[in-house]
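# Commentary on secondary and tertiary structure
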Amino acid sequence: MSENLQPVPDDWSRALAIVAHPDDMEFGCAGAVAAWTAGGKSVGYLLLTRGEAGIDGMAPAEAVKVREEEQRASAEICGVGSVEFLDYADGAIEHSPRLRRDLAAAIRRHRPELLITFTHHDFTYTGKWNSPDHRNTGRAALDAVLDAGNRWIFPDLQDKPWNGVKYAAIAGSTRPTHAVDVGGSLDVAVASVEAHSAYLAGLGLPPGAARGPLEAFVTSTGERFGGRPAVPFELIRF
Ligand SMILES: [Zn+2]
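Residues numbered from 1 in each chain as written. Predicted model: local features only at pLDDT ≥ 70, side-chain atom pairs only at ≥ 80, totals over all residues. Heavy atoms only, no water.

The name that an unreviewed UniProt entry assigns to the protein chain is PIG-L family deacetylase, with the source organism given as Sphaerisporangium album.

Right, dumping it as structure tokens:
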């Protein structure tokens, strides 16, 4: 934890976030998204599931609606322009050619220069074993960057190949290399987490409980980023 974090490069205008569940972006990096959109960048969200298995006390048939609404509200708070759901089954995402094809199609359609995802590593930044949904989504999203650029892979896709992804920014990683200053977007980030109110209630967290841990996280990250509150990313260059 000693090496300093570098600023995430700024030479891009469109980002696409590909994550497994509602709340992955909010717990991972919403402050950075809010800072980017406030600076005029365009960010879209693509979620593989509606998070229907995420609330223990709520049946999936109800959770699927509640969690989609909460995700849309949360994205709007952060200035995100589009939110799409692919309707994979929560908890059962596999890294497959079908998933790579769906993600390559989305990358060709959105033409992002920055791909955002949640960590594909075995453990998350909290030290906990990562979920298979996160591992498989992250790996498939990174693989799909290459697929999107190769016209001979998935040649039946309608949109033209897109080779313009310059970077992937991976949130929640155990090995961050870069960071984004979130000093001006912390309140927005807190509000975007709190928009997931049914999910937070399901975890037994009262209203207002999100701020403390989020502040502590961006403050401790800032110790490696010139003392400014920051969200860390592992950055991959393509
Ligand atoms: Zn998740």
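The structure having been displayed, the exposition proceeds.
Right, let's talk about the coordination of the zinc ion for a bit. Within the protein, the zinc ion binds to His21 (ND1), Asp24 (OD) and His134 (NE2); these donor distances fall in the range 2.0 to 2.1 Å. Considered as a linear motif, the donors of the zinc ion on their single chain read H-x2-D-x109-H. Of this pair, His21 sits in the loop between β2 (14-19) and α1 (24-38) while His134 sits in helix α4 (residues 132-149), placing them 113 residues apart in sequence. Of the two residues examined, His21 and His134, each falls in the buried class. (Donors = N, O, S within 2.8 Å, 3.2 Å for Na, K, Ca; no water. Helix = DSSP H or I, 4+ residues; strand = E, 2+ residues; numbered from the N terminus. Buried < 20%, exposed > 50% of the residue type's maximum accessible area, 1.4 Å probe, protein only.)

Before going further, it helps to spend a moment on the layout of surface pockets. Considering only enclosed or pocket space, the largest pocket measures out at about 410 Å³ in volume. What lines the largest pocket is a set of 17 residues, among which Phe118, Thr124, Thr126, His134 and Tyr199 lie closest to the centre. Across the lining of the largest pocket, the residue classes break down as seven nonpolar, seven polar and three charged. (1 Å grid on protein atoms, 1.4 Å probe; cavity = no way out; pocket = protein on both sides within 12 Å on 5 of 7 lines; lining within 4 Å. Points joined across faces, edges and corners; volume = space filled by probe spheres on them. Nonpolar A, V, L, I, M, F, W, Y, C, P; charged D, E, K, R; others polar.)

Bringing the nonpolar core into the picture now. In summary, soluble globular proteins display a tendency toward joint burial of nonpolar side chains. Core analysis: the biggest nonpolar cluster contains 39 residues, and Trp36, Tyr45, Ile116 and Phe233 have the highest contact counts within it. Ranked by the residues each element gives to this core, the list is headed by α1, at seven residues. With 26 residues, the next largest nonpolar core counts Leu16, Ile93, Phe154 and Trp162 among its residues. (Core = buried A, V, L, I, M, F, W, Y, C linked by side-chain atoms within 4.5 Å.)

Before going further, it helps to spend a moment on the packing of aromatic side chains. What characterises a pair of aromatic rings is the spacing of the ring centres plus the angle enclosed by the ring planes. Tallied over the entire structure, the rule returns five aromatic pairs. Pairing Trp12 with Trp36 gives two aromatic rings, centres 5.1 Å apart and planes at 85°, and the pair type is edge-to-face. Taken together, the residues span a long stretch of sequence, with Trp12 in the loop between β1 (6-7) and β2 and Trp36 in helix α1 at a distance of 24 residues. By relative accessible area, which is 5% here, Trp12 ends up buried. When the centroid spacing of 5.0 Å and the interplanar angle of 45° are considered together, the rings of Tyr125 and Phe217 count as tilted. Of the two residues, Tyr125 sits in the loop between β5 (114-118) and α4 while Phe217 sits in helix α7 (residues 211-222), which places them 92 residues apart along the sequence. A relative accessible area of 36% places Tyr125 in the partly exposed class. By relative accessible area, Phe217 is classed as partly exposed at 21%. A cation over a ring is seen here: Arg98 above Tyr88, with NZ or CZ 4.2 Å from the ring centre. Over the face of the ring belonging to Phe225 we find Arg228, whose NZ or CZ atom lies 4.7 Å from the ring centre. (Phe/Tyr/Trp six-rings, centres within 6.5 Å; stacked < 30°, edge-to-face > 60°. Lys NZ or Arg CZ within 6 Å of the ring centre and 35° of its normal.)

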